[in-house]
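Spelled out from the first residue to the last, the chains are:
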Amino acid sequence: MRRHVPARLLPALAVLALLAYPATPGAEGATPADAASAVLVLTVVLRLLREGRGCGGRDESGAGGERGGSAGETGGSRETGGVRGATPFRAALTPRAALVLGAPVLALALAAFGAADAATGIAGLGRYLQIFVLVPAALLLFLRDARDVRVLAWGLVALALAEGGVGVVQYLTGSGASYMGEDLRAVGTFGPGDVMGMATVVAYGLVAASGLALARTGEAPRLQRPLAALCAAALLVPLALSFSRGAWIATAAVLGLQLLAAGPRRALAVLAVASAAAVVLVGSLGIGSAMLQERLSSITKVTDAPDQSVTDRYTLWAAAADMWREHPVSGVGLKNFPAHRDSHASLALSAGSDTAGAGQDFRVQPLLSPHNMYLLVLGEQGLIGLTALAGSWAALLVLGVRRLAGTHRRRAPRRRPLDCGLVACGLLVWQLVDFTYADIGGPATVMTALALGLAAWWGLGTRYGAERPGAEDDGSYGAEGDGSYGAGGSAAYEAPGRPVPYAPPCPAPHRQPASQPSERRTP
């Protein structure tokens, strides 16, 4: 088994690496991570074009190419997932995947026509397509097997540890973002202008580490579970120091669901290790101050005694809902929320959010979104946009949970790896819960696309043979009793429960030509 990181994963890992690039105060537009995601999409497009030129009519009929007649005779092989004439790369883009991921395109295009000007509409359309369509579809085609998913998950953990380490140092040295008059808030390299950036990165890493730690025995490398459990426990500290209530709520919900989905024995083991490590880390760092306790208690006081940030959020929510009531079908137009905010918001809305610290001077950051993705889409795109986007997310969630449940009904080696499903579904659920308290915006937004891409690979991917005629999508590698990997090939594994991806097709059996004289002699 190869231990190095495949070169094909470098574009996806580059997106994660460039997220740690320090944010420029007041900068707008594309970030280095956005540029890396564009390279990822471009790589996939070039690959599709190259394979489209290489699989002409002869290959599709099974008579041409280097494989000769054997490729045509095997038809639905392990590589194509049962699609005759399709290449291994483009076979993952099934009609169902195209429908689920492509559903928001028309709604987004309609909302772009309602923008204030053409430039704003094109910019907003490009951003939405990048996050919710292009990058997820690229990852669906890009990721081959469970090993690729684990490499990407460990990349999320590594980024979270790096950003979390910076955040802990900021808290200990008093060099973080301003919070209640003190520069204590951990924001990592994202700066005080994007206080949710580090919280999102750390929460993603924590969810990924938790999913990796809950792997079944024999389905993952030996050191994966204890190492991932330690990483998850360590990431609890910077997540707490981010003082992000939305990230806390979403992470707690996902960790509880992951533990329930993994089974009681693994859940108790991981919970015990994580709790012990968290107690040691929290005790050694002196965390548990009155500030943190006050922040925790404020979660239950958002209706009785809300602070100004909660009041602003409620006011922005009401403004978005009022925009939708005036334009229920198509909304006010893409990226038009700031232009309509003042005419729909009450006087309780403040002028902006005060930001300072972490190496930046004091500035007032304007409130340009309702901090609720569902209400933002509803206000700007109406019922058409919300139905398309939320329907796509709901489809990914239903398909992912269905396959995750199927992993418990099958036995090795025909079942899907549990840890990959926990990571993919966990990240999707975290994002959907966090959308209640946040929306897209800032350098960390591209991580939303990575989460949707992993969910698309798990729920829509054909690498394990669930997308072929007559195959039951129940989380297994092949149909009942066939022992196959994919759509019709022989079973091939490099370890129990982990199939060898893209094994070459078996050569066609040699047939004796009819014109050859028989060796049998008559007496």
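**Description of the overall build of the protein**
Then comes step 1: In terms of helices and strands, the protein carries 17 helices and 6 strands.
Then comes step 2: By residue count, 51% of the 523 residues in the protein fall in the buried class.
Then comes step 3: In the structure as shown, the protein presents an accessible area of about 23,100 Å², 63% of it carried by carbon and sulfur atoms.

**Description of the pattern of salt bridges**
Then comes step 1: Tallied over the full model, the rule gives 6 salt bridges.
Then comes step 2: Glu219 is the partner of Arg216 in a salt bridge, and the nearest nitrogen-oxygen pair spans 3.1 Å.
Then comes step 3: On the basis of relative accessibility, which here comes to 7%, the residue Arg216 falls in the buried class.
Then comes step 4: When the shortest N-O distance is used, the salt bridge between Arg325 and Asp322 registers 3.8 Å. Of this pair, Arg325 and Asp322 both sit in helix H13 (residues 308-326), separated by 3 residues, roughly a single helical turn.

**Focus on the packing of H13 against helix H15 (residues 373-406)**
Then comes step 1: Running from N to C, H13 and H15 cross one another at 15°; their axes reach a closest spacing of 8 Å. In terms of axis orientation, H13 runs roughly parallel to H15. Crossing of H13 against H15: the hand is left-handed. Seen from H13, the contacting residues are Trp317, Ala320, Met323 and Trp324; seen from H15, they are Leu375, Leu378, Gly379, Gly382 and Leu383.

**Brief notes about the nonpolar core**
Then comes step 1: In terms of nonpolar packing, the biggest core is built from 116 residues, with Tyr128, Phe132, Met373 and Leu460 touching the most fellow members.
Then comes step 2: Residues in contact with Met373, not counting those within four places in the same chain, are Tyr128, Phe132, Trp393, Phe435, Ala438, Asp439 and Ile440.

**Points about the packing of helix H5 (residues 95-113) against H15**
Then comes step 1: Close contact between H5 and H15 brings their axes to 8 Å; oriented N to C, the two are set at 165°. When the axes of H5 and H15 are compared, the pair comes out roughly antiparallel. The crossing of H5 and H15 is left-handed. Between H5 and H15, the residues in contact are Arg96, Val100, Leu101, Ala103, Pro104, Ala107, Leu108, Leu110 and Ala111 and Glu380, Gln381, Ile384, Gly385, Ala388, Leu389, Ser392, Ala395, Leu396, Leu399 and Arg403, respectively.
Then comes step 2: By residue class, the composition of the contact of H5 with H15 is 14 nonpolar, 3 polar and 3 charged.

**Re the side chain of Glu219**
Then comes step 1: You can see Glu219 is positioned in the loop between helix H8 (195-213) and helix H9 (224-241).
Then comes step 2: A polar contact is formed between the side chain of Glu219 and the backbone nitrogen of Leu418, at a distance of 3.1 Å.

**Some points on a nonpolar patch on the surface**
Then comes step 1: A surface patch of nonpolar side chains, about 360 Å² in accessible area, is lined by Leu42, Val45, Leu46 and Leu49.
Then comes step 2: Among the secondary structure elements, Leu49 is positioned in helix H2 (residues 32-54).
Then comes step 3: For Leu49, a relative accessible area of 49% gives the class partly exposed.

**Some points on the packing of aromatic side chains**
Then comes step 1: Using the criterion set out here, one finds 8 aromatic pairs in the structure.
Then comes step 2: The interplanar angle of 40° and the centroid separation of 6.2 Å between the aromatic rings of Trp457 and Trp458 together place this pair among those described as tilted.
Then comes step 3: Given the relative accessible area of 2%, Trp457 is considered buried.
Then comes step 4: One aromatic cluster is present, formed by Tyr128, Phe132, Tyr374, Trp393 and Phe435 through successive ring pairs.

**What about the environment of Val237?**
Then comes step 1: Turning to its location among the elements, Val237 is positioned in helix H9.
Then comes step 2: Note: C-alpha distance between Val237 and Gly165 (72 residues apart in sequence) is 9.4 Å.

**Comments concerning helix H16 (residues 418-434)**
Then comes step 1: Spanning 17 residues, H16 covers 24 Å between terminal C-alpha atoms, matching the ideal 24 Å at 1.5 Å per step.
Then comes step 2: Counting buried residues along H16, 16 of its 17 residues qualify, which places the element largely inside the surrounding structure.

**Things to note about the side chain of Gln431**
Then comes step 1: Inspection of the secondary structure assignment puts Gln431 in helix H16.
Then comes step 2: Classification of Gln431 by relative accessible area gives buried; the value is 5%.
Then comes step 3: One polar contact links Gln431 to Thr448, side chain to side chain, over a distance of 3.3 Å.
Then comes step 4: When residues no more than four places from it in sequence are discounted, the contact partners of Gln431 are Tyr204 and Thr448.

**Observations regarding unusual backbone geometry**
Most of the time, phi is negative for any residue but glycine, and the peptide bond is trans.
Then comes step 1: Even without being a glycine, Phe243 presents a positive backbone phi close to 55°.
Then comes step 2: Along the polypeptide, Phe243 turns up in the loop between H9 and helix H10 (245-262).
Then comes step 3: Phe243 sits in the buried class, given a relative accessible area of 1%.
Then comes step 4: At Lys335, a residue that is not glycine, the phi angle is positive and equals roughly 60°.
Then comes step 5: The topology assignment puts Lys335 in the loop between H13 and helix H14 (337-344).

**What about H15?**
Then comes step 1: Spanning 34 residues, H15 covers only 31 Å between terminal C-alpha atoms, well under the ideal 50 Å at 1.5 Å per step.
Then comes step 2: At Gln381, H15 is deflected by roughly 130°, the largest bend along its length.
Then comes step 3: Sitting at the amino-terminal end of H15 is Asn372, which places a side-chain oxygen 3.0 Å from the backbone nitrogen of Tyr374.

**Considering the confidence of the model for the protein**
For residues with low pLDDT, the predicted coordinates do not support detailed interpretation.
Then comes step 1: Looking at the protein as a whole, the pLDDT averages 77, with 70% of positions reaching at least 70.
Then comes step 2: pLDDT under 50 marks residues 56-87. Its contacts with residues more than four places away, or in other chains, come to 50 contacts.

**Looking at the environment of Gln308**
Then comes step 1: Structurally, the position occupied by Gln308 is in helix H13.
Then comes step 2: Residues Gln308 and Ser353, 45 residues apart in the sequence, show an inter-C-alpha distance of 9.3 Å.
Then comes step 3: In contact with Gln308, not counting residues within four places along its chain, are Ala348 and Ser350.

Definitions and cut-offs
- Residues numbered from 1 in each chain as written.
- Predicted model: local features only at pLDDT ≥ 70, side-chain atom pairs only at ≥ 80, totals over all residues.
- Heavy atoms only, no water.
- Helix = DSSP H or I, 4+ residues; strand = E, 2+ residues; numbered from the N terminus.
- Buried < 20%, exposed > 50% of the residue type's maximum accessible area, 1.4 Å probe, protein only.
- Areas by Shrake-Rupley, 256 points an atom, 1.4 Å probe, with all protein chains shown as cover.
- Salt bridge = Lys/Arg side-chain N within 4 Å of Asp/Glu carboxyl O.
- Axes fitted to C-alpha atoms, helices over the stretch in contact; angles between N-to-C directions.
- Parallel < 35°, antiparallel > 145°, perpendicular 65-115°, else oblique.
- Left-handed = near helix turned anticlockwise from the far one by under 90°.
- Contact = heavy atoms within 4.5 Å.
- Core = buried A, V, L, I, M, F, W, Y, C linked by side-chain atoms within 4.5 Å.
- Nonpolar A, V, L, I, M, F, W, Y, C, P; charged D, E, K, R; others polar.
- Polar contact = N/O pair within 3.5 Å; in protein donor to acceptor, adjacent residues only side chain to side chain.
- Patch = residues over 30% accessible without salt bridge, like charges linked within 9 Å, V, L, I, M, F, W, Y side chains within 5 Å.
- Phe/Tyr/Trp six-rings, centres within 6.5 Å; stacked < 30°, edge-to-face > 60°.
- Expected span 1.5 Å × (residues − 1).
- Bend = angle between axes of the 7 residues up to and from the residue.
- pLDDT = per-residue confidence, 0-100.

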